[in-house]
Amino acid sequence: MINRSETNPHAEFTGRRQSNQSADACITSINVSKVANVVFKGKTVPTGIFKQAVSGLVHIGMNGVEDDEQADLRCHGGPHKAVYIYGLPGYAYWESFLGRKLTSGTFGENLTVDNLTEDTIRIGDLLICGKLVMQISEPRISCFKLAMTLNEDPGFSKTFLEDGRVGFYARVLHAGTVMAGDRLIHEPVSTLSPTIREFVRACYDPNATLAALKFARNAVDLSPEWQALLSKRASALTLARQGKGWSDFKAFTVTQREMEAAGILSLYLTPNDGAELPAYLPGQHISLRAELPEYGALVRPYSLSSCQTVANTFRITVKRMQAIEEKNQSASMSRYLHDSVQVGDELQVKAPGGRFFIDETDDSPRVLFAGGVGVTPLFAMFEHAAASHCTTTLVYAVRNDSERCFQHAIEALCKKHSHLKAIFLAEAEFESRPSEYTKQGRIDEDLLTELDLEAASFFLCGPLGFLDEVEGILKHAGIPENRIHIEAFAARSKNTTRLAFETAGAEYTVTFYKSGLSVQWTPDQGTLLDLAEANGLRPPFACRAGTCQSCTTTILSGSVDYLELVDPLSPEETFICCTIPISDVVLDL
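Residues numbered from 1 in each chain as written. Predicted model: local features only at pLDDT ≥ 70, side-chain atom pairs only at ≥ 80, totals over all residues. Heavy atoms only, no water.

Let's talk about the sheet that holds strand β5 (residues 58-61)
Inclusion rule: Think of it this way: DSSP has to see at least two bridges between two strands before they count as a pair. Every helix listed is a DSSP run of H or I at least four residues long, and every strand listed is a run of E at least two residues long, numbered separately from the N terminus.
Across the sheet, which stays open at both edges, the three strands sit in the order β6-β5-β12 with antiparallel pairing between neighbours. This sheet does not close on itself; its edge strands, each paired only once, are β6 (64-65) and β12 (176-178). Relative to β6, β5 runs antiparallel, the two being bridged by two bridges. Each residue of the ladder has a partner; that of isoleucine 60, found in β6, is valine 65.

Topic: unusual backbone geometry
The condition is simple: Note on exposure labels: buried denotes an accessible area under 20% of the residue type's maximum, exposed denotes more than 50%, and partly exposed covers the range between, all computed with a 1.4 Å probe on protein chains only.
Unlike most non-glycine residues, asparagine 151 shows phi in positive territory, near 55°. Secondary-structure assignment places asparagine 151 in the loop between α2 (145-150) and α3 (156-163). Residue asparagine 151 is classed as exposed on the basis of its relative accessible area of 72%. One non-glycine residue, histidine 389, adopts positive backbone phi at about 65°. For histidine 389, a relative accessible area of 60% corresponds to the exposed category.

What to know about the sheet that holds strand β21 (residues 392-398)
Note: strands within a sheet are paired through backbone hydrogen bonds, in either parallel or antiparallel orientation. To keep it simple, the criterion reads: Every axis in this analysis is a line fitted to C-alpha atoms, fitted for helices over the stretch in contact. Angles between the N-to-C directions lie between 0 and 180 degrees. Only heavy atoms matter for contacts: two residues are in contact if any of them lie within 4.5 Å across the pair.
In space, the six strands of this open sheet follow the order β23-β22-β21-β20-β24-β25, with parallel pairing throughout. Taken across any chain shown, the strands that pair with only one partner, and hence form the sheet edges, are β23 (438-440) and β25 (484-488). For this sheet, the mean angle separating the axes of adjacent strands, direction not counted, is 15°. Where helix α8 (residues 375-388) meets the sheet, it contacts β20 (366-371), β21, β22 (420-426) and β24 (457-462), and its direction lies at approximately 155° from that of β20. Its contacts with the sheet put helix α11 (residues 464-476) on β20, β21, β24 and β25, and the angle it makes with β24 is roughly 160°.

Points about helix α9 (residues 407-416)
Going by this rule: In this description, the arc belongs to the directions extending from the helix axis to the C-beta atoms.
Listed in full, the buried residues belonging to α9 are Gln407, Ile410, Glu411, Leu413 and Cys414. Viewed end-on, α9 has its buried residues packed into an arc of 160°, placing them on one side of the element. Opposite its buried face, α9 presents the exposed residues His408, Lys415 and Lys416, each directed more than 90 degrees away. Looking at the packing, one finds that the buried side of α9 touches α8, β21, β22 and β23.

So, the packing of α8 against α9
Convention followed: The cut-offs work like this: below 35 degrees is roughly parallel, past 145 is roughly antiparallel, 65 to 115 is roughly perpendicular, and the gaps in between are oblique. Handedness of a helix crossing follows the sense of rotation of the near helix relative to the far helix, less than a right angle counterclockwise being left-handed and clockwise being right-handed.
Put simply, α8 and α9 touch, their axes get as near as 10 Å, and they point 20° apart. The angle between α8 and α9 falls in the class roughly parallel. Relative to α9, α8 is oriented so that their crossing is left-handed. Here Phe379, Phe382, Glu383 and Ala386 of α8 lie close against α9, whose contacting residues are Ala409, Ile410, Leu413 and Cys414.

Encoded structure:
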């Protein structure tokens, strides 16, 4: 066989080799397959994992290797996962572990190579062979189908993941033709990026730190799907670290009332027992319970409008709402707080919670879009940004400038911190002399030209119409959904949120039987896996998409629904990574 790379291996590549370059590699086998139906545990499973080696020249394009197919295109294939690569050092290990010889393609890889390992390959590294240029994009997270190829117990997929010798995917930057025996030139990424093993450890080790997650999330050219998964993992760790403060409700006293703007009131609340308040995350809320003559006990959530508990005090900021109908609970509670509650009065308060907060692993610029009193959680984020040195812009829209609160505090933060910027918008003419931050008008596509859209994360809070309008403008501008984070003070339509569709106002008890823990689930707490992690539990998981089956859990009682198109092995089992309850549920965890 002629090794074409020996003739002129750099013919199509002009980049400079780095001084820290590891050894190059050789393609020892090229493997492809067609999708076939395989019976596994009594069920017919379509799969393309059974690869066979092919000879001769093989074309590798942007979407993968010619004549190769994948059954599940949600989890395999596509530009970010065009080529799956596995190294011979991994084969040597698993042959020793399993006690038998394995043939190339056993792990479902397209390219079997020598001399490359998960400890030497970093996300962002290049592999070059003639015209073909590939960039390492992510690890391969195998599903139960790996056990099918090895004739092992389905739990082997978890063993494979925990070991870290998982292989790696590559995207194709420039298509080319290769054959077995060709040399792969390894060009290490020039900036710091995690190795495959470091990345896997950060994602799936239950003891991973936020620092490790942040390092993984900032991997070179990481796909949006992995960024979202790591953000979710970081959120779970942050919530678990935060703790619950106290269970149920406890008594607080109103220590101060302050009118912030027309019809907008801040209340300062201090615990009667004098206990130190728990840390909370900017953007989170507390719940108030009060006795109202027309309703009895009412409970309503209110965002914490400051990122700090000054003098052991919570601050909430509430707009006085007019009742749209005779019995509107939100309006009734807001009028009660405005008209009846005075300094010295007592309210029942539930500890901070909610999933609308900044991802601590994400250092990208942030743009905060506030509509009316929706500024309350965003002002807490803006305060926090002053200390975190993250570039942040607050776009704050109101109908007229008399309804704008926190204006002087926002302007003072901007003057003190060069990385902060504010844009105040009002639909009506300004009633007072505009400041350098004020403009007349609405949020529109022209305004986006003043913002850093390319790398920013976006946080939205305000009335439902405002949220729909701004979200639509951002999506029209090409902003992917995973970079848009929304807090709605009421349930949105099925088309604009995944969890609020039939669960608005729902609250179910989820019992983790083995752990002896019962907690309340509401839609803002996400999936059952999210709920378990937020309460200090560490169930096994891998893909978070319902494909790997690592998080399979027995349902002892109750009913659940799925956020993904999945097919559990039995009605008594569920994949908690993509499940929400639709009744009280008892899980065997």
